[in-house]
Amino acid sequence: MMHSDRFHLRIFQLVLVLLLPVQITQGADLGDLKPVEQWEPVASGVWRAELGKMQGEIRYSDLAAAPPRLDALNELPEATFPFAGGSVGYLAENGHQVMVRIPTSPDETLYGFGLQLDGIKHSRKVMTLNVDHWSKGGGRTHAPVPFYISSKGYGVFFNTSRLLKIYNQVGNRKDSLNNPSEVDRNPPEDEPQPGPWLAQPPGDSVEAQVNGPGLELLVFSGSTILEVVQRYNLYHGGGTLPPLWGLGFWHRVHAEFNADQVRQELADFEEKNFPVAVIGLEPGWMTKSYPCTFEWQTKRFPDPEGFTRELLNKGIRLNLWENPYISKNSRLYERMFPLSGSHLVWLGIVPDYTMPEARRLLAEQHGEDHISIGISGYKIDEVDGYDFWLWPDHATFPSGVSGEAMRQSYGLLMQNMLYQDLFKQRNVRTYGLVRAANGGASGYPFVIYSDAYRHKEYLTGMATSSLCGILWTPEARSASNDREWLNRMQTTCFSALAQLNAWSSGKKPWSYDSVTDAVRESIRLRMQLLPYLYTAFSDYYFQGIPPIRAMILEQGFDGTADRIVKGKLDSETNPYAMDQRIEKTDQYMFGPSILVAPFYEDLATQRDVQLPAGNWYDFYSGKLVGNGETISVSASDLRDRIPLFVKDGAIIPMLTQPVDRAKEAVGHPLELRWYGEALGQGHLYEDDTETFDYENGRYRRRIFKIRHGSDNVPSLEIETMGQPDQSLFGEINRFTPMSR
Ligand code: GAL
């Protein structure tokens, strides 16, 4: 379970200690805090410090899918330690509380803190990073990863599963040398003031506090924010590489569907010419749910094995919903009872999966009932909140892990167990969903979803998830009109997991008449882009580059262009005249070269797109649209297609035709599109699509280069690297210079 490859790491650390002394750049003002003196280099551009005692504490990195990828970390450009010697201070005196203060400068912006759906910048905020549903904000969310990234090019990870309360550039210490001058808020007219009165005098640090005996800090550095993210992901084993089928279109049927209804639904998909790669079964597949048995409801699915086989023969995978809380009606109940915590959830017992015996029991039952008949993965529901649904923080568990740490890490523990004990062990990849995760999760093939449903927030999730090793799906469930449906379906098609979740609405992709063709077209485009998307995921695994990314990770994007609504004094609604910041989080990068700017909410058919510096081209026509400016796009100009823009020189490998199933992509001929004028370079990743053999070098790449011939006619050069027998996609039938 938890990886033990520390020996290798320690030897490496010794080498680095000799090579990379921590750099000292500025002075410190710590007051009564102790300076953190020991920053241990653990890989190139990564340092750790232990405050207090971590023995017996759960560190997220111990739950990561794989040990640090030292090889890949060391290939990144060198990066220096970001803090002045002795400038990080802490207190860890009484054995049950640790606080730390990490300096920041006034022009520094802080990003991250997990899958936050209300914004990407978190300077000047107080957050409690508590695993929960998304609804309240304040730091509570499905993946409140305690990792922040600074605009200065470093990131800090609080590697503990304890609850963390964090003050981001909020609060002023009396010993600080950086406090602004006092300003009289109500001066007489003839008294000049040094500046405007500030409702929130800026703080000069991040201060965090945990109720626990210890805290591990990891610092990741980089010459760009993307490099910081890469280091964070690579330290946790790299990003996940899903099986190719996982990147096809997913449809979750109504919770009460039986086998015949699923068959009918699939026949309708076929008749209406809609691709589908995965069918998700919701709670009704089990004998009992909430709490769960994990056993097949044979009144609905009389022959689970035959049914699963029938779908697999059509190239369709089955994914099973579950929540972890076990019913008295489950054959696991008696044996799991002593291995479970003090409190029930929906009256089901809560197994303590830090215990090997509890893991063994579940893996055995899931192996027999699901995996052996061909089930391809799970959706792990209800591992997040609310407080009144889950166990209290003071709940106890037989391993001695605190109720609080269990809540923070339960989603991760479930992923770790199912991934390692059911799939990795069998050398079979999986792809699925989970409703909570936390630090160190980049290597897990599970994608987060939510019951919250604001389209704008879903778009923000695309950006924030990419800063913390999380994958996120803006799944479509239902809509109040045709246009909203189209916009939501298009967004999900350009995410890590394209899904319609009809568990309650019973919607089909064609449920909204007037947009049926446009919805079909966007699903088909996703299928056509499988080679491009699969290659983007390979970059996640090999280099830690997130496949779906916040614009701030894109070179040339101006992340400072927020709209500030000036606060107006109002004794009832704004008594401190606070400004409001409106961030640009409604566009993102999909793979290395495509910028996606979906229509949504009030911007349902017309919106602005902020282009990074460099020439950008319309995906569909290849026409130049701008360079570093903000452009306006409309649904009518795009003939109801999602706005997509491609950067200069990009080479996009895609299937010549859309396919219905991922397996039809195997051997399928390719088109290579070249955008713009720059003599670009691109690549295509190929492997067996289903096993972990790629981890042992069983893959190949086709490298594409554009050259100008003497007559100025562009020509394409292709070089193949890696294992020649690992061909996946077919030959390149078409090379299209889009912008000529
Ligand atoms: C919800 C979950 C939905 C669906 C439902 C089934 O909590 O978010 O996607 O699975 O449970 O009861």
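Since we're looking at a predicted model, the values are computed, not measured. (Residues numbered from 1 in each chain as written. Predicted model: local features only at pLDDT ≥ 70, side-chain atom pairs only at ≥ 80, totals over all residues. Heavy atoms only, no water.)

## Overview of the domain arrangement of the protein chain
Domains assigned within the protein chain are domain 1 (5-175 + 198-235), domain 2 (244-544), domain 3 (551-647) and domain 4 (651-737). Here the C-alpha centroids of domain 2 and domain 4 sit 31 Å apart. Opposite the 33 residues of domain 2 that make contact, domain 4 presents 30 residues. A buried area of about 2800 Å², summed over both sides, lies between domain 2 and domain 4, and 59% of it is on carbon and sulfur atoms. Considering only the surface of domain 2 that becomes buried against domain 4, Arg429, Gln528 and Pro531 emerge as the three largest contributors, covering 23% of it. At the boundary of domain 2 with domain 4, the tally comes to five salt bridges. Notably, a salt bridge pairs Glu695 with Lys424, separated by 3.1 Å at the nearest N-O pair. Counting across the interface, domain 2 meets domain 4 through 17 residue pairs in polar contact (both at pLDDT 80 or more). Here the side of domain 2 that touches domain 4 is built from residues that sort into 20 nonpolar, six polar and seven charged. (Domains from an automatic or database assignment. Contact = heavy atoms within 4.5 Å. Buried area = accessible area lost by both parts, 1.4 Å probe. Salt bridge = Lys/Arg side-chain N within 4 Å of Asp/Glu carboxyl O. Polar contact = N/O pair within 3.5 Å; in protein donor to acceptor, adjacent residues only side chain to side chain. Nonpolar A, V, L, I, M, F, W, Y, C, P; charged D, E, K, R; others polar.)

## Considerations on the pairing of strand 34 (residues 700-708)
The pairing of strand 33 (residues 681-686) with strand 34 spans six bridges and is classified as antiparallel. From the neighbouring strand, Leu684 faces strand 34, where its bridge partner is Arg702. Between strand 34 and strand 35 (residues 714-722), which pair antiparallel one after the other, the connecting turn spans five residues, and Asn712 there sits at a positive phi close to 65 degrees. (Pairing = 2+ DSSP bridges. Helix = DSSP H or I, 4+ residues; strand = E, 2+ residues; numbered from the N terminus.)

## So, the packing of helix 7 (residues 356-369) against helix 8 (residues 403-423)
Contact geometry of helix 7 with helix 8 gives a least axis separation of 10 Å together with a crossing angle of 60 degrees. Classified by the angle their axes make, helix 7 and helix 8 are oblique. Between helix 7 and helix 8 the crossing geometry is right-handed. Only Asn416, Met417, Leu418, Gln420, Asp421 and Leu422 of helix 8 make contact with helix 7, whose side of the interface consists of Arg359, Leu362, Ala363, His366 and Gly367. Among the residues forming the contact of helix 7 with helix 8, the class breakdown is five nonpolar, four polar and two charged. (Axes fitted to C-alpha atoms, helices over the stretch in contact; angles between N-to-C directions. Parallel < 35°, antiparallel > 145°, perpendicular 65-115°, else oblique. Left-handed = near helix turned anticlockwise from the far one by under 90°.)

## Here's the deal with unusual backbone geometry
Negative phi is the rule for most residues except glycine; trans is the rule for most peptide bonds. For the bond from Tyr290 to Pro291, the omega torsion is 5 degrees, close enough to zero to count as cis. When you line up the elements, Pro291 lands in the loop between strand 14 (278-281) and helix 5 (304-313). Here Phe113, not a glycine, exhibits a phi torsion of approximately 65 degrees, which is positive. In this structure, Phe113 sits in the loop between strand 6 (110-112) and strand 7 (125-129). Despite not being glycine, Ala577 shows a phi value in the positive range, around 50 degrees.

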